[in-house]
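# Structural features, examined
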Amino acid sequence: RIASNKEHIGSNEAWHTTFRLAYHLDSQYYGQVRDRISNSELEDVLLKHNIDYYFIWGENQRIPEFLQQKVEVTQGRIPGLKIYHVQ
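A brief structural summary. Each chain has its residues counted from 1, following the order in which its sequence is written. Where totals are concerned, whole chains, interfaces and linings use all residues; where local detail is concerned, this predicted model gives features only for residues with pLDDT of at least 70, and gives and counts side-chain atom pairs only at 80 or more. Side-chain metrics in this entry use all non-hydrogen atoms of the structure; hydrogen atoms and water are not considered.

This part is about the packing of aromatic side chains. Any pair of Phe, Tyr and Trp rings, taking the six-membered ring for Trp, is counted once the centres come within 6.5 Å. Such a pair is stacked with planes under 30 degrees apart, edge-to-face with planes over 60 apart, and tilted for the rest. Evaluated as defined, the whole model comprises 3 aromatic pairs. Ring centres of Trp15 and Tyr29 lie 6.1 Å apart, and the angle between their planes is 55°; this geometry places the pair in the tilted category. Separated by 14 residues along the polypeptide, Trp15 in helix α1 (residues 14-24) and Tyr29 in strand β4 (residues 29-32) bring together distant segments of the chain. On the basis of an interplanar angle of 40° and a centroid distance of 6.5 Å, the ring pair of Phe55 and Trp57 is categorised as tilted. Pair check on accessibility: Phe55 and Trp57 agree, each one buried. One aromatic cluster in this structure is built from Trp15, Phe19 and Tyr29. Runs of H or I in DSSP of at least four residues are treated as helices and runs of E of at least two as strands, each being numbered from the N terminus. Working definition: with a 1.4 Å probe on protein chains only, accessible area under 20% of the residue-type maximum means buried, over 50% means exposed, and in between means partly exposed.

A separate point is unusual backbone geometry. We note that Asp26 has phi near 55°; this positive angle belongs to a residue other than glycine. Positionally, Asp26 belongs in the loop between α1 and β4. Among the residues examined, Asp26 registers a relative accessible area of 73% and is labelled exposed. Even without being glycine, Asn50 reaches a positive phi, approximately 55°.

Here we take up the pattern of salt bridges. Any Lys or Arg side-chain nitrogen found within 4 Å of a carboxyl oxygen on Asp or Glu counts as a salt bridge. Throughout the structure, instances matching the rule amount to 1 salt bridge. Glu41 serves as the salt-bridge partner of Arg34, at 2.8 Å between the closest nitrogen and oxygen. With a relative accessible area of 33%, Glu41 lands in the partly exposed category.

The biggest cluster of nonpolar side chains holds 13 residues, and the ones touching the most others in it are Leu42, Leu46, Tyr54, Ile56 and Leu67. Every element with two or more residues in this core is listed here: α2 (39-48), β5 (53-57) and α3 (65-68). Ignoring any residue separated from it by four or fewer positions in sequence, one finds Leu46 in contact with Ala3, Ile51, Tyr54, Phe66, Val86 and Gln87. In this text, buried Ala, Val, Leu, Ile, Met, Phe, Trp, Tyr and Cys residues form a nonpolar core when linked through side-chain atoms within 4.5 Å. Of all hydrophobic cores here, the second largest spans 8 residues; its members include Ile2, Ala22, Phe55 and Trp57. For this analysis, residues touch if any pair of their heavy atoms sits within 4.5 Å.

To continue, consider the layout of surface pockets. The distinction between a cavity and a pocket rests on a 1 Å grid over the protein atoms alone: a 1.4 Å probe fits inside a cavity but cannot get out, while a pocket stays open yet meets protein on both sides within 12 Å along at least five of seven lines, and a residue with an atom within 4 Å of a point counts as lining. Grid points are joined across faces, edges and corners, and a volume is the space filled by probe spheres set on the points. Here the largest pocket defines a volume of roughly 240 Å³. What lines the largest pocket is a set of 13 residues, and nearest its centre among them are Asn5, Ile37, Tyr54, Gln61 and Arg62. Classifying every residue of the lining of the largest pocket gives 6 nonpolar, 2 polar and 5 charged. Each residue is assigned to one class: nonpolar for Ala, Val, Leu, Ile, Met, Phe, Trp, Tyr, Cys and Pro, charged for Asp, Glu, Lys and Arg, and polar for all the others, Gly among them.

Treat this as a map of the structure, not an account of what it does.
The structure is reproduced here in structure tokens:
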């Protein structure tokens, strides 16, 4: 189960790219979280929906506190994308 932040990457919204990645990974994509969500609300939403991975698109995105203690799967190897293992 995958969710992502709301961000534009190139000419596309991250939604399109994440949706395609989820399809190829044979995963369910639960969409983007709303803009300006608080750290605690984001954590509640991801846990409530049993989201396994949270994609953060964009070079200078603020990483929510609770995710800073989770594994960042891409280990900085994909410019403009960080994937956190939530569960």
